[in-house]
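Observations on the model geometry
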Amino acid sequence: MTLTDGEIVLRPIKMRDQRVWREVNRRNRDWLRPWEATVPPPAPGGPMAQRPTYRQMVRHLRAEANAGRMLPFAIEYEGRLVGQLTVAGITWGSMCSGHVGYWVDQSVAGRGVMPTAVALAVDHCFRTVGLHRIEVCIRPENGPSRRVVEKLGFRSEGLRPRYLHIDGAWRDHLIFALTAEEVPEGMLRRWRRSRPMTSKGPGPTGEIK
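What this report covers is the structure whose coordinates are included nearby. Treat the numbers as computed from the prediction; the structure is a model and nothing was measured. (Residues numbered from 1 in each chain as written. Predicted model: local features only at pLDDT ≥ 70, side-chain atom pairs only at ≥ 80, totals over all residues. Heavy atoms only, no water.)

**Some points on the overall build of the protein chain**
Each helix and strand in the protein chain was counted, giving 6 helices and 9 strands. Relative to a compact globule of 209 residues, whose C-alpha radius of gyration would be 17 Å, the protein chain shows 17 Å and is just as compact. C-alpha atoms of the protein chain, sized along the principal axes, occupy 55 × 40 × 35 Å. Counting the 209 residues in the protein chain, one finds 44% classified as buried. Within the protein chain, contacts between residues separated by at least 24 positions form 64% of all contacts whose residues are at least 6 apart in sequence. In the structure as shown, the protein chain presents an accessible area of about 11100 Å², 54% of it carried by carbon and sulfur atoms. (Helix = DSSP H or I, 4+ residues; strand = E, 2+ residues; numbered from the N terminus. Rg over C-alpha atoms; globule rule 2.2 N^0.38 Å. Buried < 20%, exposed > 50% of the residue type's maximum accessible area, 1.4 Å probe, protein only. Contact = heavy atoms within 4.5 Å. Areas by Shrake-Rupley, 256 points an atom, 1.4 Å probe, with all protein chains shown as cover.)

**A short note on the pattern of salt bridges**
This structure, assessed with the given rule, holds 18 salt bridges. A salt bridge links aspartate 5 to arginine 192, with the shortest nitrogen-to-oxygen separation between them at 2.1 Å. Separated by 187 residues along the polypeptide, aspartate 5 in strand 1 (residues 3-5) and arginine 192 in helix 6 (residues 187-194) bring together distant segments of the chain. Here aspartate 5 falls in the buried class, since its relative accessible area comes to 1%. On the basis of relative accessible area, arginine 192 is assigned to the buried category, the value being 12%. Salt-bridge contacts for arginine 29 lead to glutamate 36; the nearest nitrogen and oxygen are separated by 2.7 Å. The partly exposed category is assigned to arginine 29, whose relative accessible area is 22%. (Salt bridge = Lys/Arg side-chain N within 4 Å of Asp/Glu carboxyl O.)

**Notes on the pairing of strand 8 (residues 169-179)**
Here 6 bridges tie strand 6 (residues 133-138) to strand 8, and the two strands are oriented antiparallel to one another. Residue pairing in the sheet places arginine 133 in a bridge with threonine 179 of strand 8. Relative to strand 8, strand 7 (residues 155-166) runs antiparallel, the two sharing 8 bridges. Across the sheet, the residue bridging to serine 156 is phenylalanine 176, located in strand 8. Between strand 7 and strand 8, which pair antiparallel one after the other, the connecting turn spans 2 residues, and aspartate 167 there sits at a positive phi close to 50°. (Pairing = 2+ DSSP bridges.)

**Considering the pairing of strand 2 (residues 8-12)**
A large share of strand 2 lies buried, amounting to 4 of its 5 residues. Where strand 1 and strand 2 come together, 3 bridges link them in antiparallel fashion. Bridge assignment links aspartate 5 to a residue of strand 2, and that residue is isoleucine 8. In textbook terms, the turn of a hairpin is the stretch between consecutive antiparallel strands, and for strand 1 and strand 2 this stretch comprises 2 residues, one of which, glycine 6, has a positive phi near 60°. Inspection of the sheet shows strand 2 paired to strand 3 (residues 71-77) by 5 bridges, in the antiparallel sense. Among the inter-strand pairings, isoleucine 8 is bridged to a residue of strand 3, identified as tyrosine 77.

**A word on the environment of cysteine 137**
Tracing the backbone shows cysteine 137 in strand 6. For the pair cysteine 137 and arginine 160, spaced 23 residues apart in sequence, the C-alpha separation works out to 9.0 Å.

**Structural notes on the environment of leucine 3**
The residue leucine 3 is located in strand 1 in this model. In this structure leucine 3 comes out as buried when scored by relative accessible area, which is 1%. Expressed as a C-alpha distance, the spacing of leucine 3 and valine 87, which sit 84 residues apart in the sequence, is 14 Å.

And the structure:
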């Protein structure tokens, strides 16, 4: 399943992406490190957790996707891999909710790639998957990520103290959310309508392939 809008593409992440994924991740180490999830220290006497390899990460993402708990995507722009977006923590029953996490190559930041990618993913979650609510959790200091949800019109729901282990410590996070009723016209359509006329990219014509 592939989601597209012009030259921005969301597609399943693959084992064969390893070389390019590693290169992009390595080149953006300083840009990404302050916002990346880390593993907290083990309890006394407990085993030390290791950061997964790329292949272990992809196997885990696939297993969670097959179980209906996750939607993992690679982000492409102008035909090359530039980041990753994952809808995780998918809960069904009376909640029908998930949360979105993402990162992007600094070289394409500011071009509308990430807001468009998030809009594509949210529309897919609401219109195809059947979720009702999407959250994005962001450190207060992460200005670029906050601008993404602000551009898209996510609603602020306040602060969760020491919510996630990020960059080696438990960090506060701001919570932003949307429900399906808040974007009846679709998030991609709303995002395209709100962008300046000088923005690069097509009109509100996102496709699912």
